[in-house]
Amino acid sequence: MNNTPGELLRIKNLVLHFKTTFGVVQAVDGVDFELHTNRAVVILGESGCGKTSLSKALLRLLPRNVEKYSGEVFLQGTDVMMLDDEEYRQNVRWVGMSLVPQAAMNALNPVLKVGDQVSEPVMIHLGLSKAESLHLVHKMFQHVGVPLDFVERYPFELSGGMRQRVALAMALVTSPSLIVLDEPTSALDLLTQANIMNVLKRIKHELGTSFILITHDIATSSELADEVAIMYAGQIVETGHAKDFFPAPLHPYSQMLMASVPRLRSESDPMFITGQPPSLMNPPKGCRFAARCPFRFEKCSEEPPMFEKGNRKVKCWLHA
Amino acid sequence: MTLKTEEPREILLSIRDLHVWYELRRFGFGRVGSVKAVDGVSFELAEGETVAVVGESGCGKSSLMKTILGLNIPTSGDVVFDGKNLSQLNNKDMRSYRFEVGYVQQDPYSALPPFMNIEQILEEPLIISGVKNKAERLDRIRKVMGEVKLHPPEDFLTKFPHMLSGGQQQRIVIARAMILEPKLIVADEPVSMLDASVRVEILKLLHALQEKYNLTVIYITHDLSTVKYFSARIFVMYAGNLIEKGETRRLLENPLHPYTMALLAATSDPDARNADSFKEVPPGEPPSLVNPPKGCRFHPRCSHSMPGLCDEKFPPDFEPEPEHFVACWLYQPK
């Protein structure tokens, strides 16, 4: 067991493969990273790189066609991969970590009042009475900035931003130490996005929660990030502190991804990455980015390990 | 009210005091009010001009665009395209008008029919517009596919939309909008559904086509960071009105309307320092378009609101600097 002080989550060689009629999709293929208490890690990548599958693998919300699901996930020192499904449901999901799924504002039950929905996990997991859990719900609504009389409303009576806040309150209400957010702002308007990011920052300061933020929106992700992990074709190719990463990414993919972001406050001409990410059914041998990489050389036909550079890690032979 | 262009170019599109209201009925009859989606919008576009309409969802961008495309009938006001007033066109002329405007949809996957292959998708507008010769149709399809950089066309013609990546699908949507050689293209958030790495590619492609064919393009977006790579002018829309109009660089460097300032402040650039501070966001949400606030529609959220003025009288367009118009009482000449 690993129990470094302050360490909240340690993932080692997490693998999630799906079986399809065309072959095995290697959606998550050997992901490692660590997260400390009250930190936020941002997992950035293009669509189809396995970001959402990673969130499903962490929360063990698996479809039926799983081919391989293995690795170690230490949450506060316990390897939760060793638990059976019932133990996992009772001790990890909601209590240890919870998920705000993609398009969470559309994931609310349309025929339940939002107060009842948000109090449900409290009643089930913390065993509190209806009145006690509503009290907790009120407290959480204050944290995320939802007016208290909204508990009596149905989801369709709320705006998109308010529904997103309710989904966030629901993930927070059982006070888990870790929240996984899958694209929390992608369907929201600009000002609403800024509001939600403010709420997340405030929660991080006030409640000491840690976050895994999964997104493709690099600019918005920098609002919350302490650490950055770049994902490409099912693997993490670079990790590091946000303060080191944003000014100078190391991996060629990260560099090109950063260069593709249009910026409001700079005159730089954005670039784009030619070609497409490889199919996860038959990922290329060696470095998976090699086919699109302008710096490739002979060595790239072998798979690079994670090279450590100070407190940064990068999966690229250029940094050997 | 209208914008002058620097060199006297031919005016292609002119919108005059346009109102698009949708009636609300209770139980299918009996009017109970109307949604004032577009409420008094006027502007002119010269041939070859590019403009971005920026605003949040529900501000009336899509209603404005649909009215320009001739899909909505305006409640009052005029859309004049190339000297023809849309409301006076008969069905036949309306059809030929539709051949002169192209539409690039937001979500390429739902904009392409899943049961048609690329050749059929691109051929259909040609058949409808009366190109009888199959060889000529194929010729034009090949040409337009070259324009959107799908090489070689043969690789794509027999494919169905789901076999293409998001970027390729959006190229097909652009090709379909371009194939009848329109004068005006309306692009409704053409890159918001795409990955960051291909967004810029598609915007640059649209820009290159715009320059090559001297197209007039209306680019509808909520993302201010992409605007400067594409359009010469920006119109900011809030609750059915255009509240600020100006040349792109000037507007981005010196926003005048408090709402425009809030939009710019909320747009992040990737920078680790963002995590250290909170963003300033105006309180509240955009108003209901059924009963918009009296006076300036932004006044309930505005920190500069002047009681007795902003909540009473709707601000006209002021011009505090040349070619930069703003509907805000703060800029009333003394």
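As the structure is a prediction and not an experimental result, all values here were calculated from the model. (Residues numbered from 1 in each chain as written. Chains lettered and ligands numbered in written order. Predicted model: local features only at pLDDT ≥ 70, side-chain atom pairs only at ≥ 80, totals over all residues.)

## As for the overall build of chain B
Helix and strand counts for chain B stand at eleven helices and twelve strands. For chain B, whose C-alpha radius of gyration is 21 Å, the value lies close to the compact-globule estimate of 20 Å for 334 residues. For chain B, the C-alpha atoms occupy an extent of roughly 70 × 55 × 50 Å along the three principal directions. For chain B, contacts bridging at least 24 residues in sequence account for 65% of all contacts bridging at least 6. (Helix = DSSP H or I, 4+ residues; strand = E, 2+ residues; numbered from the N terminus. Rg over C-alpha atoms; globule rule 2.2 N^0.38 Å. Contact = placed C-beta atoms within 7 Å.)

## Topic: the sheet that holds strand 11 (residues 318-321) of chain B
Residue and element names in this part refer to chain B. Spatially, the eight strands line up as an open sheet ordered 6-7-8-3-9-10-12-11, and their pairing is mixed. One side of each edge strand has no neighbouring strand; the edge strands of this open sheet are strand 6 (101-104) and strand 11. Each strand axis lies, on average, 20° off the axis of its neighbour in the sheet, ignoring direction. For strand 6 and strand 7 (residues 184-188), the ladder comprises four bridges, and the chain directions are parallel. By the bridge assignment for strand 7, Val101 is matched with Leu184. (Pairing = 2+ DSSP bridges. Axes fitted to C-alpha atoms, helices over the stretch in contact; angles between N-to-C directions.)

## Focus: the sheet that holds strand 4 (residues 76-81) of chain B
All names here are of chain B. An order of 2-1-4-5 is seen for the four strands of this open sheet, with the pairing classed as antiparallel. Since the sheet does not close on itself, it has two edges, and those belong to strand 2 (29-46) and strand 5 (84-85), each with one partner. Where strand 4 lies against strand 5, two bridges are found, and the strand directions are antiparallel. Across the sheet, Val80 pairs through a bridge with Asn85, a residue of strand 5. Each of strand 1 (11-26), strand 2 and strand 4 is contacted by helix 1 (residues 61-68), which is oriented at about 70° to strand 2, the strand it contacts most.

## Quick look at the confidence of the model for chain B
All names here are of chain B. Residue-level pLDDT values for chain B average 90, and 97% of them are 70 or greater. Predicted confidence is poor over residues 1-5, with pLDDT under 50, and the contacts of this stretch with residues over four places away or in other chains come to ten contacts. For this predicted complex, the interface confidence comes out at an ipTM of 0.85, alongside a pTM of 0.88. (pLDDT = per-residue confidence, 0-100.)

## Section: the packing of helix 7 (residues 166-178) of chain B against helix 8 (residues 196-213) of chain B
Residue and element names in this part refer to chain B. The interhelical angle for the contact between helix 7 and helix 8, taken along N-to-C directions, is 20°, at an axis separation of 10 Å. With respect to helix 8, the axis of helix 7 lies roughly parallel. The handedness of the crossing between helix 7 and helix 8 is right-handed. Taking contact as the criterion, the partners of Gly166, Gly167, Gln170, Ile174 and Met178 in helix 7 are, on helix 8, Val198, Glu201, Ile202, Leu206 and Leu209. When grouped by side-chain class, the residues that make up the contact of helix 7 with helix 8 number six nonpolar, three polar and one charged. (Parallel < 35°, antiparallel > 145°, perpendicular 65-115°, else oblique. Left-handed = near helix turned anticlockwise from the far one by under 90°. Nonpolar A, V, L, I, M, F, W, Y, C, P; charged D, E, K, R; others polar.)

## Considerations on helix 8 of chain B
All names here are of chain B. Taking 1.5 Å of rise per residue, the 18 residues of helix 8 would be expected to cover 26 Å, and the 27 Å separating its terminal C-alpha atoms lies within 8% of that figure. Ala196, Ser197, Val198, Arg199, Val200, Glu201, Ile202, Leu203, Leu205, Leu206 and Gln210 are the residues of helix 8 that are buried. Positive phi appears at Asn214, one or two residues downstream of helix 8, with a value of about 50°. (Expected span 1.5 Å × (residues − 1). Buried ≥ 20, exposed ≤ 12 C-beta atoms within 10 Å, placed from the backbone.)

## Concerning the interface of chain B and chain A
Contacts between the two partners involve 31 residues from chain B, matched on the other side by 37 residues from chain A. Residue assignment for the side of chain B that touches chain A shows that the elements contributing at least two residues are helix 8, helix 9 (224-227) and helix 11 (258-266) of chain B. Tallying contributions element by element places helix 8 of chain B first for the side of chain B that touches chain A, with five residues. Along the lines of polarity and charge, the residues of the side of chain B that touches chain A split into 15 nonpolar, nine polar and seven charged.

## Comments concerning the pairing of strand 3 (residues 40-44) of chain A
All names here are of chain A. The buried count for strand 3 comes to five of five residues, which makes it a mostly enclosed element. With burial as the criterion, each face of strand 3 is covered, one bearing Ala40, Val42 and Leu44 and the other bearing Val41 and Ile43. For strand 3 and strand 9 (residues 227-232), the ladder comprises four bridges, and the chain directions are parallel. What sits directly across from Val42, in strand 9, is Val228.

## Details of the pairing of strand 4 of chain B
Residue and element names in this part refer to chain B. Sheet topology places strand 1 next to strand 4; five bridges connect them, and they run antiparallel. Paired with Ile15 across the two strands is Val79, which belongs to strand 4. In this structure, the hairpin formed by strand 4 and strand 5 is closed by a connection of two residues, where Asp82 is found at a positive phi of approximately 55°.

## A few points about the nonpolar core
Core analysis: the largest hydrophobic core is formed by 179 residues, its most contacted members being Ala169 and Ile212 of chain A. If you tally residues by element for this core, the top one is helix 5 (residues 160-172) of chain A, at eight residues. (Core = buried A, V, L, I, M, F, W, Y, C linked by C-beta atoms within 7 Å.)

## A few points about unusual backbone geometry
All names here are of chain B. At the junction of His151 and Pro152, the peptide bond is cis and its omega measures out at -20° in the coordinates. For Pro152, the position within the fold is in the loop between helix 5 (134-147) and helix 6 (154-157). Positive phi outside glycine occurs at Asp17, with the angle close to 45°. Examined against the element boundaries, Asp17 turns out to sit in strand 1. Given 13 C-beta atoms within a 10 Å radius, Asp17 is considered partly exposed. Backbone geometry places Ala239, a non-glycine residue, at a positive phi of 50°. Assignment of secondary structure puts Ala239 in the loop between strand 9 (233-238) and strand 10 (241-247).

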